[in-house]
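Fold and geometry: a report
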Amino acid sequence: MQTDQPIVMTSEPVEPVKRVLTFRRPRFKETGLVGVLVALGFLLSIFGGSLQIPNRETGESVKVNKFLRADNLDRLAKNTSFFAIMAVGATFVIITGGIDLSVGAIYCLAAVCGAMFLTRFGPHGAGAGASPFWVVPGGVLVCLGVGAGCGFLNGLGVVGLRVHSFVITLGTMAIYRGIAFVLTKAQAYTDFPEQFTDGFIRREINWHGASLYPVPLTIMIGVTAFAWWYLKHSVTGRQIFAVGGNEQASLFSGLPVSWVKVKVYTFSGLTAGIAAMIMLGYYGSASSDAGKGYELDVIAAAVVGGASLAGGRGTALGALLGALIIQVINNGIIILNIDQNYSQIIIGAVIVLAVLLDRINHTLRDKRLTRAA
Amino acid sequence: MSSEASIPAVRFRKVGKRFPGTIALEGVSFEVMPGSCHAIMGENGAGKSTLGKILAGILRPDGGTIEIDGVEREFHSPIDAQRAGVAIVHQELSFCPNLSVAENVCLAHLPGHAGRVDWRKLHKNAQIYLDQVGVDCDVREELSGLSGGQTQMVQIAAALATGARILVMDEPTSSLSAVEAQRLEELIARLRRQGTTILYVSHRMDEIFRLCDTVTVMRDGQHLATSPLAQTNEEELVKLMIGRCWQKIFPVHVERAAGAERLRVKHFSSPGKFQDINFAIRAGEVLGVAGLVGSGRSEVALGIFGLDPKVSGQVVIDGCKVNPNSPQEAMKWGIGLVSEDRKSQGLVLGMECGENITLSTLDRLSRGGVIRRRKERDVIVTFFEKLCIKAASPQAPAQSLSGGNQQKLVLAKWLARESRVLILDEPTRGVDIGAKAEIHRLIDELAAAGCAVLMVSSDLPEVLNLSTRVIVMRNGRLAGRLDRSEATAAGVLKLMTGCGEENLAGLPPLAANRMSLSCKPTNLLS
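Quick caveat: nothing in here was measured; it's all calculated off a predicted structure.

Quick notes on the pairing of strand 3 (residues 37-41) of chain B
All names here are of chain B.
- Burial analysis of strand 3 places five of its five residues in the buried class, the great majority of the element.
- Burial along strand 3 is two-sided: the residues C37, A39 and M41 and H38 and I40 are all buried.
- Relative to strand 10 (residues 197-201), strand 3 is paired through four bridges, and the arrangement is parallel. Its bridge partner lying in strand 10, A39 is registered against Y200.
- Sheet topology places strand 3 next to strand 11 (residues 214-219); four bridges connect them, and they run parallel. Bridging from a neighbouring strand, A39 pairs with V215 of strand 11.

Re the environment of R484 of chain B
Residues and elements named next belong to chain B.
- Along the chain, the position of R484 falls in the loop between strand 24 (477-483) and helix 19 (489-497).
- Each C-alpha atom, one on R484 and one on D308, is 30 Å from the other, the two residues being 176 residues apart in sequence.
- Setting aside anything within four residues of it in sequence, one finds R484 in contact with S467, T468 and R469.

Regarding the interface of chain A and chain B
- In this complex, chain A contributes 31 residues to the contact, which on the side of chain B involves 37 residues.
- Of all the secondary structure elements, the ones that give two or more residues to the side of chain A that touches chain B are helix 8 (235-245), helix 9 (247-252) and helix 13 (343-372) of chain A.
- For the side of chain A that touches chain B, the element with the highest residue contribution is helix 8 of chain A, accounting for six residues.
- In the side of chain A that touches chain B, the residues fall into 16 nonpolar, 12 polar and three charged.

A few points about the packing of helix 3 (residues 103-120) of chain A against helix 10 (residues 257-283) of chain A
All names here are of chain A.
- The interhelical angle for the contact between helix 3 and helix 10, taken along N-to-C directions, is 50 degrees, at an axis separation of 8 Å. As summarised for this structure, helix 3 and helix 10 are arranged oblique, according to the angle between their axes. Considering the relative orientation of helix 3 and helix 10, their crossing is right-handed. In this structure, helix 3 uses V103, I106, Y107, A110, A111, G114, A115 and L118 to contact helix 10, whose residues at the interface are S268, G269, A272, G273, A275, A276, M277, M279 and L280.
- Of the residues in the contact of helix 3 with helix 10, the class split is 13 nonpolar, four polar and no charged.

Describing the sheet that holds strand 13 (residues 261-270) of chain B
All names here are of chain B.
- The four strands lie next to each other as 14-13-16-17, forming an open sheet whose pairing is antiparallel. Of all strands in the sheet, those bounded by a partner on one side alone are strand 14 (274-282) and strand 17 (320-321).
- Pairing of strand 13 with strand 14, which is carried by six bridges, proceeds in the antiparallel orientation. Paired with F268 across the bridge in strand 14 is I277.

Some details on the sheet that holds strand 22 (residues 452-456) of chain B
Residues and elements named next belong to chain B.
- Taken in spatial order, the six strands of this open sheet run 18-21-22-15-23-24, and their pairing is mixed. Because the sheet does not close on itself, it has two edges, and the strands there are strand 18 (335-338) and strand 24. Neighbouring strand axes in the sheet, compared pairwise and without regard to direction, differ in orientation by 20 degrees on average.
- As paired strands, strand 15 (residues 286-291) and strand 22 are joined by four bridges and run parallel to one another. Residue pairing across strands places V289 opposite V456, the latter belonging to strand 22.
- Relative to strand 23 (residues 469-474), helix 19 is tilted by about 30 degrees, and along the sheet it contacts strand 15, strand 23 and strand 24.

Digging into the confidence of the model for chain A
Residues and elements named next belong to chain A.
- Per-residue pLDDT for chain A averages 87, and the proportion of residues at 70 or more is 93%.
- The secondary structure element of chain A with the lowest average pLDDT is strand 1 (residues 50-54), at 78, and the one with the highest is helix 10, at 96.
- Between residues 1-17, whose pLDDT stays under 50, and residues either more than four places distant or in other chains, the model counts four contacts.

As for the environment of L40 of chain A
Residue and element names in this part refer to chain A.
- Along the chain, the position of L40 falls in helix 1 (residues 31-47).
- For L40, a count of 18 C-beta atoms within 10 Å puts it in the partly exposed group.
- Apart from residues lying up to four places away in sequence, L40 is in contact with I325, V328, I329 and G332.

Points about helix 6 (residues 148-161) of chain B
Residue and element names in this part refer to chain B.
- Between the first and last C-alpha of helix 6 there are 20 Å, a value that for 14 residues agrees with the 20 Å anticipated at 1.5 Å per step.
- Among the 14 residues that make up helix 6, 12 are buried, leaving the element largely enclosed by the rest of the structure.
- Taken together, the buried positions of helix 6 are Q150, T151, Q152, M153, V154, Q155, I156, A157, A158, A159, L160 and A161.
- Phi for G163, located one or two positions after helix 6, is positive at around 75 degrees.

Some words on the nonpolar core
- Counting 176 residues, the largest nonpolar core has M86 and Y107 of chain A together with V453 of chain B as its most contacted members.
- In terms of residues, this core owes the most to one element, helix 10 of chain A, which gives 15 residues.
- If sequence neighbours within four positions are ignored, V453 of chain B has contacts with V286, L287, L422, L424, I443, L446 and A447 of chain B.
- Membership of the second largest hydrophobic core comes to 70 residues, among which are V28, A56, V139 and A164 of chain B.

Here we look at unusual backbone geometry
- Phi is positive for N337 of chain A, which is not a glycine, with a value near 55 degrees.
- Along the chain, N337 of chain A turns up in the loop between helix 12 (316-335) and helix 13.
- At N323 of chain B, a position not held by glycine, the phi torsion is positive, near 40 degrees.
- Within the fold, N323 of chain B resides in the loop between strand 17 and helix 12 (327-332).

Structural notes on helix 1 of chain A
Residue and element names in this part refer to chain A.
- The first and last C-alpha atoms of helix 1 sit 24 Å apart over 17 residues, in line with the 24 Å expected at 1.5 Å per residue.
- Taken together, the buried positions of helix 1 are occupied by L33, V36 and L44. Summarising the axial view, the buried residues of helix 1 lie within an arc of 60 degrees, below the 170-degree limit, and thus occupy one face. The exposed residues of helix 1 that point more than 90 degrees off its buried face are T31, G35, V38, A39, F42 and I46.

Reading the values: rules and limits
Residues numbered from 1 in each chain as written. Chains lettered and ligands numbered in written order. Predicted model: local features only at pLDDT ≥ 70, side-chain atom pairs only at ≥ 80, totals over all residues. Buried ≥ 20, exposed ≤ 12 C-beta atoms within 10 Å, placed from the backbone. Helix = DSSP H or I, 4+ residues; strand = E, 2+ residues; numbered from the N terminus. Pairing = 2+ DSSP bridges. Contact = placed C-beta atoms within 7 Å. Nonpolar A, V, L, I, M, F, W, Y, C, P; charged D, E, K, R; others polar. Axes fitted to C-alpha atoms, helices over the stretch in contact; angles between N-to-C directions. Parallel < 35°, antiparallel > 145°, perpendicular 65-115°, else oblique. Left-handed = near helix turned anticlockwise from the far one by under 90°. pLDDT = per-residue confidence, 0-100. Expected span 1.5 Å × (residues − 1). Core = buried A, V, L, I, M, F, W, Y, C linked by C-beta atoms within 7 Å. Arc of directions from axis to C-beta.

So, in structure tokens, the structure goes:
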């Protein structure tokens, strides 16, 4: 612990000591979020009570914890995955000081386009019988491509028209959803090849008598890990933080500020596409009101995860944990048999509380810095 | 009357203020007598504006007390200050441009009942104050439709509308035309006759001698001296503001042979900013650019760096026409810009010091878009050691550093890129003396290593001391070129202002200047 002591500098140099510059492993920023999550899980395990369910193999009735059981946690992970993946994308945008209100609409449009493609090649579609070796990747590509394309257009709008991202994405939110309406003529698409649903996203594994669907969880972890690495180790990642921290200084330092912005909106759209793909495969249907109001849940997750709307701050892991905390609370409301109507009030309070704690933390840090100066 | 006069209108007692990274004020104590016009002078970053803001309740001091009319006061907001009779006229225009002139004037006290604004009364009241300051405009007009000078006068009217008896004016004439400045002077004289106390922050000598009766000189956040103006003169004040032991701290210029021509600027113009600027810098030279604030110096720097889309003319580097239209393009040709405002343009304050250094060099420190950590750290360590940057660690956020060390970070950013043409805009503004000397030494070393340096500075001794040659700008035009041997403080000032030569004739030429600036400036006044 001695190494953590700050180096005290006196005003008069006693003797010229050559200081050795040391680089320390950066502090783990998400300790607070992990703590909250563990505490929530602990409380729910204790107070959630238990449940009698029949064992599949023996038919005997067994007692299991309501919260801490495999299929509940699996459902929790699946529910989280949509929001967490989009929250990671939203975090990129928020770090640059922007906001993306259109993720819900992009999610919907990507899902609808993917659904139309998959239905065409589904069991009763015009292209039935096509090889799944290209239908499945094709469906994935349509979802991701539409998502990234919509995000790219958002980016062009923000950079090219020099309008605040709030306004641009507010507009595209309506436009993208409108396109989804027009394309589907307000009908739902459900007829997908099962290689895409049961064979891919909804692939089931059995674990101690419970059916689990690990693919959404895996994709969520994969996206978060990539985003974490990208922000930390890539040139663009560094530039994203610089643009959000001080856009003018970034411009004066010769960074491709516009290009960086286009990239983050494209990534945000791409994550919406990924989430749409999971939704399609898992539920096997899509309609034009998919993802209504998701944009606010996604931004809430990013903010609870420590992203600052002023820009310059945020982490991918934080976004994941933020989404997870919100879902655990949702889950807890069900498990504890609290009236569903209270859930919004509780979640809203949690968001405000999280931001408040974050600000207190930062005020303390600034005070420390002023004293050190 | 005389017994009243013995209680100071304002008394500062050991007032201190720190910002993250800098000490803005330290133990400032002095008194302002009622009915006086008290000048506060000092270089940029001396703490004048901070002091004014503390008096007006915009900033809260970290230490010390303020007494108004002999009563100790603590202001939590500008409203508290207004209640105590203190108002401020800001240096930066801070107003609601979308509201009407009348609303802006009476913003603090909109007349009316039960939340309803009495427009007729509002317009009448506003007109009274506007007449008092002598602005000729319609009170219903939106403020954004007024000229900069008119806006400034409206701001003064608003300060009067709060019923202030103590008025802080922070560089009020910086955006005024000659006629408007004349009107302001008349107004100040009138206000003083009515018994208003005025704190006049400025560094324009002529104004201060015409308007004020007492002067306080500040430097580096400290109070140096307070004296009646009748007992001092311009020369003494200049020495106090800048006076340091030059021979001791600053490197003595060494003559060296200049190399090939690096940068040439031909017929460089930007509408409304500067016109027909021509100069050339050779490798190993430091070209000083002197001029008043607003003379177009910084704009030329931005133009060369590709940040002004409207420039015309030529920028030639190493014999090639380049005319960069973005910083990236300018950087490709080896140009680097240390801009005027390091906090908003130079650094990403929330990022680590090390990350700030490598910000412009990431393309060279990466492979396939992935940053090579070890290489990056080597660069960071190199420049931390080379520039003696003092920070808790290279990973400390840039905002935790002092002004001087922050400036070194900005310099390191461009050195890391191996810039061959370095444009420095106010390289030592708001930097403490020690760091200033180090930065000067560094500039000298850079030039010696074959870099072409263009140095824009308001700090005249800095320009005279470091430059191989000096160009002077006035009102967006080149007012003169001087060789090192011909450059004297008096000569440059004359070119900068275009007038006032008779007052400056007494200043010694550079060589003598350096010797005569005393090591103990406080003795001059007391």
